[in-house]
Amino acid sequence: MAAWPAVPLAINLCGSLLGMAATLTLIPAFKERFVAARLFGQDLNKASRRPVPEAQGVISGAVFLIILFCFIPVPFLRCFVEDGCAAFPYDEFVELIGSLLAICCMIFLGFADDVLNLRWRHKLLLPTMASLPLLMVYFTNFGNTTIVVPKPFRVLLGMHLDLGILYYVYMGMLAVFCTNAINILAGINGIEAGQSLVIAASIIVFNIVELNGDYQDDHIFSLYFMIPFFFTTLGLFYHNWYPSQVFVGDTFCYFAGMTFAVVGILGHFSKTMLLFFIPQVLNFLYSLPQLFHVIPCPRHRLPRLNPSTGKLEMSYSKFKTKSLSALGAYTLKAVKILHIVDVRSGMDEDGEYTECNNMTLINFVIKLIGPTHERSLTLLLLLIQVLGSAIAFSIRYQLVRLFYDV
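Residues numbered from 1 in each chain as written. Predicted model: local features only at pLDDT ≥ 70, side-chain atom pairs only at ≥ 80, totals over all residues. Heavy atoms only, no water.

K.L.:
Would you take a moment to explain the pattern of salt bridges for this structure?
P.N.:
Going through the model one piece at a time under the given rule, you end up with five salt bridges. Sharing partners across several salt bridges, the network here consists of D43, K46 and E374. (Salt bridge = Lys/Arg side-chain N within 4 Å of Asp/Glu carboxyl O.)

The structure is reproduced here in structure tokens:
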């Protein structure tokens, strides 16, 4: 087993700590500039309506890129010394550059979204475009599209299955999911940066555990990205925590999602990475009726503040009952029977309107525990994220034996 590259990892860690300090310093320094450029919003869950700078993810993203741009030669220092390596590892170099290009594109496109306020269909297109450099790197460096079939399906499909172009479709869809999964689990102070911190920490722990395994180089590559991401996001989280001084914006959600997609795809642990997204997957599944407009979806689905109690309550979508399609009516009836959505029929004097709570994990938690303070709600959701990671590790190292030979 090859020794760990201790020096590059130590340099990466030092640069990441400096990056956290830079993020902590730059965000308050640039707050007024963002407000002057009209990049600000109002915290709808606060009684005050002071302007809060938005799109601060561009600052943590820029610091992240600077750290890794400076870090580019470090993993290859041995090749700059005479006889340090037999041949320059161009494949590793292309991986690093291609990954940074994909992340850089996603930060740019995310900032464009914050400035131009793009429609949802564009939000699906942007990660697809930004993932193309990533897919090209995978094609040129690896090109392997064969998967190991889980045990229950081997009778039908055999031990291995070549997915061909479908594997690239899967990787492209993975990038789209990661970016938007964080974006739709949002709306309260600290939740976007907080969930990303937990996922990043989980990936770092997984990488460290696997350093003594057969895929050491892949996990070292992942650590080169995850360590700077964790610490720069920690600096952003400090300012985004309740009561939030800044909003992270779509820029951060896209940046975080693409970073996770990069390490999952090129680190060859995309299935394990998806396990760390269990709360996001549940939120996505719960949100499907509104995301596909089977049930009307308002622009903002965040909880609403009750000024008299200072607590957050479920927000609702109100629509004419007759405007629902047959599929929408059946869906609404099903979720009402299952008691996973609060449905109120016969609203208004004429009884023509129906209300249902907006289908997000945040509103579902409020439905279970009742109105709660925003800080407590964020802490509970982050605890759910930690619990999701614990379940992910249990599946990865215990239940996996039911599906694969390990």
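K.L.:
I tried to follow helix α4 (residues 120-130) on my own but got confused; where do I start?
P.N.:
For an α-helix the count is 3.6 residues per turn, leaving residues at separations of three or four pointing the same way. Listing the buried residues of α4 in full gives K123, L126, P127 and A130. Buried residues of α4, seen end-on, are gathered within an arc of 90° and therefore sit on one face of the element. (Buried < 20%, exposed > 50% of the residue type's maximum accessible area, 1.4 Å probe, protein only. Helix = DSSP H or I, 4+ residues; strand = E, 2+ residues; numbered from the N terminus. Arc of directions from axis to C-beta.)

K.L.:
What's the story with the environment of E352 in this structure? I'm lost.
P.N.:
Relative to the helices and strands, E352 is located in the loop between β8 (343-347) and β9 (353-357). When its relative accessible area of 37% is taken as the criterion, E352 is described as partly exposed. Aside from chain neighbours lying at most four places away, what touches E352 is F319, K320, T321 and M347. (Contact = heavy atoms within 4.5 Å.)

K.L.:
Looking at this structure, how should I read empty space enclosed by the protein?
P.N.:
To find leftover empty space, a probe the size of one water molecule is rolled over the atoms. Tallied over the full model, the rule gives one cavity of 30 Å³ or more. Each pocket or cavity is described by its volume, and for the largest cavity that value is around 40 Å³. Around the largest cavity, the lining residues are L185, I191, Q195, P279, L361, L381, L382, I384 and Q385. Among the elements of the structure, α8 (191-209) and α15 (374-397) are those that each provide at least two residues to the lining of the largest cavity. Sort the elements by how many residues they give to the lining of the largest cavity and α15 lands first, with four residues. Looking at the lining of the largest cavity residue by residue, the classes come out as seven nonpolar, two polar and no charged. (1 Å grid on protein atoms, 1.4 Å probe; cavity = no way out; pocket = protein on both sides within 12 Å on 5 of 7 lines; lining within 4 Å. Points joined across faces, edges and corners; volume = space filled by probe spheres on them. Nonpolar A, V, L, I, M, F, W, Y, C, P; charged D, E, K, R; others polar.)

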